[in-house]
Amino acid sequence: MTLQQLRYILTIVSCGSISEAAKKLFISQPSLSSAVKEIEQEFGIEIFVRSPKGIVLSNDGAEFLSYARQVVEQAELLEQRYTNQKPSKKLFSVSTQHYAFAVQAFVGLLKEMNMDEYEGTLRETRTYEIIEDVRNLRSEVGVLYLSDFNRKVIQKLLSENHLRFHPLFKADAHVFISSEHPLAGRDEVDIEELDDYPCLAFEQGDYNSFYFSEEMLSTRTYKKKILVSDRATLFNTLIGLNGYTISSGVLNKDLNGEQIKSVRLRTNENMEIGYITNQKATLSQLAAAYVHKLKSVIKDSGHPIINEEDGLD
């Protein structure tokens, strides 16, 4: 086994395919596949599960990747210390439901790190894809929520894929509405008062189960409903049609502007928002720093953190 082979494995995981990794590494695809097979044979494990749809990390592969990342990082520290080699480009990836505070933490961290070079990926994506990203270590951290309604289903899926949920904070149900909305002056609203206005929600693709919905009260029947795929479209549609979306209530004025207002929704349901990690992998320094920054942003928004030390060892 060589350091170069370990770097190959990390690149394949980052790219999501051997063909894309080969292009990035400027080597042939057969050469890269051969390097992977050599490691698999040496250690007697299958790192990647191959299928017509592509490759995913096996359980052994996820554990191997955790060690490989640590070895490569330590080797780079040695090279920087004794050969004055330029620090390598930092790689970092987060998958999240559509939360402004997750974006704020990502932006804030990169500003504070003040690195010369980095390659970050922030995926605002569907619930099932967040779980898949962290399972396959395309992302080290995934941000999503649990509720009384979805908890058993999501926790079962996490357990089956060796993922752990780390709670961050609890949030009462709110609605985001335009600051010009007829109900914008209210401190609280009942869901029935919103029946004449369109409800906006994030579509979940092939896994459009009620349990994967990003919004609470997903089983309720709505007179008007619009599914969208990104936050910008949701907010523009919400403003243009006097619509609403059910949310955590945590807004960021720098990202969302003054046109959106959060109003508490009268319901007994609440959200437990947290992040997921792969139990077979150790967080990189950058990923651990992101978790710290995420907690800082949440505390600044006025929400107490459930467990300050969780996931930071």
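Our subject is the structure listed above.
Quick notes on the rules
- Per chain, residues are indexed from 1 in the order of the written sequence.
- Local features are withheld for residues below a pLDDT of 70 in this predicted model, meaning they are given only at 70 or higher, and side-chain atom pairs are given and counted only at 80 or more; totals for whole chains, interfaces and linings count all residues.
- Think of the side-chain values as coming from all heavy atoms in the structure, minus any hydrogens and water.
- Every case where a carboxyl oxygen of Asp or Glu lies within 4 Å of a side-chain nitrogen of Lys or Arg is listed as a salt bridge.
- Helical segments are the DSSP runs of H or I of at least four residues, strand segments are the runs of E of at least two, and each set is numbered from the N terminus.
- Only protein chains enter the accessibility calculation, which uses a 1.4 Å probe. A residue is then buried if its area is under 20% of the maximum for its type, exposed if over 50%, and partly exposed in between.
- Working convention: axes come from line fits to C-alpha atoms, limited for helices to the stretch in contact. Angles between N-to-C directions cover 0 to 180 degrees.
- Angle categories: roughly parallel below 35 degrees, roughly antiparallel above 145, roughly perpendicular from 65 to 115, and oblique for all the rest.
- If you view the pair so one helix is near and one far, a crossing is left-handed when the near helix is turned anticlockwise from the far one by less than a right angle, and right-handed when it is turned clockwise.
- Any two residues having at least one pair of non-hydrogen atoms within 4.5 Å are treated as being in contact.
- Just so you know the grouping, Ala, Val, Leu, Ile, Met, Phe, Trp, Tyr, Cys and Pro go in nonpolar, Asp, Glu, Lys and Arg go in charged, and all remaining residues, Gly too, go in polar.
- Polar contact is the term for a pair of N or O atoms within 3.5 Å; when the atoms are in protein, one must be able to donate a hydrogen and the other to accept it, and sequence-neighboring residues count only if both atoms are side-chain atoms.
- Each pair of aromatic rings taken from Phe, Tyr and Trp, with Trp reduced to its six-membered ring, is defined by centres within 6.5 Å and is described as stacked if the planes are under 30 degrees apart, edge-to-face if over 60, and tilted in the remaining cases.
- By the criterion adopted, a ring carries a charge over it if an Arg CZ or a Lys NZ lies within 6 Å of its centre and within 35 degrees of its normal.

A.B. asks: Any chance you could break down the pattern of salt bridges for me, citing the residues and the numbers?
C.D. replies: This model, assessed by the stated rule, comprises 16 salt bridges. Here R151 makes a salt bridge to E272, at a shortest N to O gap of 3.0 Å. Here the residue R151 occupies a position in helix α7 (residues 151-160), and E272 occupies one in strand β13 (residues 270-278), the gap between them amounting to 121 residues. With relative accessibility at 28%, the residue R151 sits in the partly exposed group. One salt bridge connects E160 with K156, and the closest N-O pair in it is separated by 2.4 Å. One end of the pair is E160 and the other is K156, both in helix α7 and four residues apart, which spans about a single turn. Residue classification places E160 among the partly exposed positions, given a relative accessible area of 47%. K156 gets classed as exposed once you look at its relative accessible area, which sits at 51%. Members of the salt-bridge network, linked through shared partners, are D172, E188, D190, R264 and R266.

A.B. asks: So what's going on with the packing of helix α5 (residues 100-113) against helix α10 (residues 285-300)? Which residues, and what values?
C.D. replies: Packed helices, taken two at a time, are described by their axes: the angle between them and the distance between them. Look at α5 against α10: their axes get within 8 Å of each other, and the N-to-C directions meet at 120°. With respect to each other, α5 and α10 are oriented oblique. The handedness of the crossing between α5 and α10 is right-handed. Contacts from F101, A102, Q104, A105, F106, G108, L109, E112 and M113 in α5 reach L286, A289, Y290, K293, L294, V297 and I298 in α10. Of the residues in the contact of α5 with α10, the class split is twelve nonpolar, two polar and two charged.

A.B. asks: Talk me through the side chain of Q204; I want residue IDs and the actual numbers.
C.D. replies: Along the chain, Q204 falls in the loop between β9 (199-202) and β10 (225-228). Here the side chain of Q204 touches T127 through a polar contact of 2.9 Å, landing on its backbone nitrogen. Polar side-chain contacts of Q204 include one of 3.4 Å to the backbone oxygen of F202. Excluding anything up to four places from it in sequence, Q204 contacts R126, T127, F212, S213 and E214.

A.B. asks: Lay out the packing of aromatic side chains with the relevant residues and their values.
C.D. replies: Applying the stated criterion to the full structure yields nine aromatic pairs. Ring geometry for F106 and Y290: centres 6.4 Å apart, planes at 65°, overall edge-to-face. Of this pair, F106 sits in helix α5 while Y290 sits in helix α10, and the two are 184 residues apart along the sequence. You can call F106 buried: its relative accessible area is 9%. Owing to a relative accessible area of 0%, Y290 belongs among the buried residues under this scheme. When the centroid spacing of 5.8 Å and the interplanar angle of 85° are considered together, the rings of Y128 and F212 count as edge-to-face. Here the residue Y128 occupies a position in helix α6 (residues 127-135), and F212 occupies one in the loop between β9 and β10, the gap between them amounting to 84 residues. We note that Y128, like F212, is buried. Ring pairing ties together the aromatic residues F92, F106 and Y290, which thus form one cluster. Over the ring of Y222 we find R220; its NZ or CZ atom is 5.3 Å from the centre of that ring.

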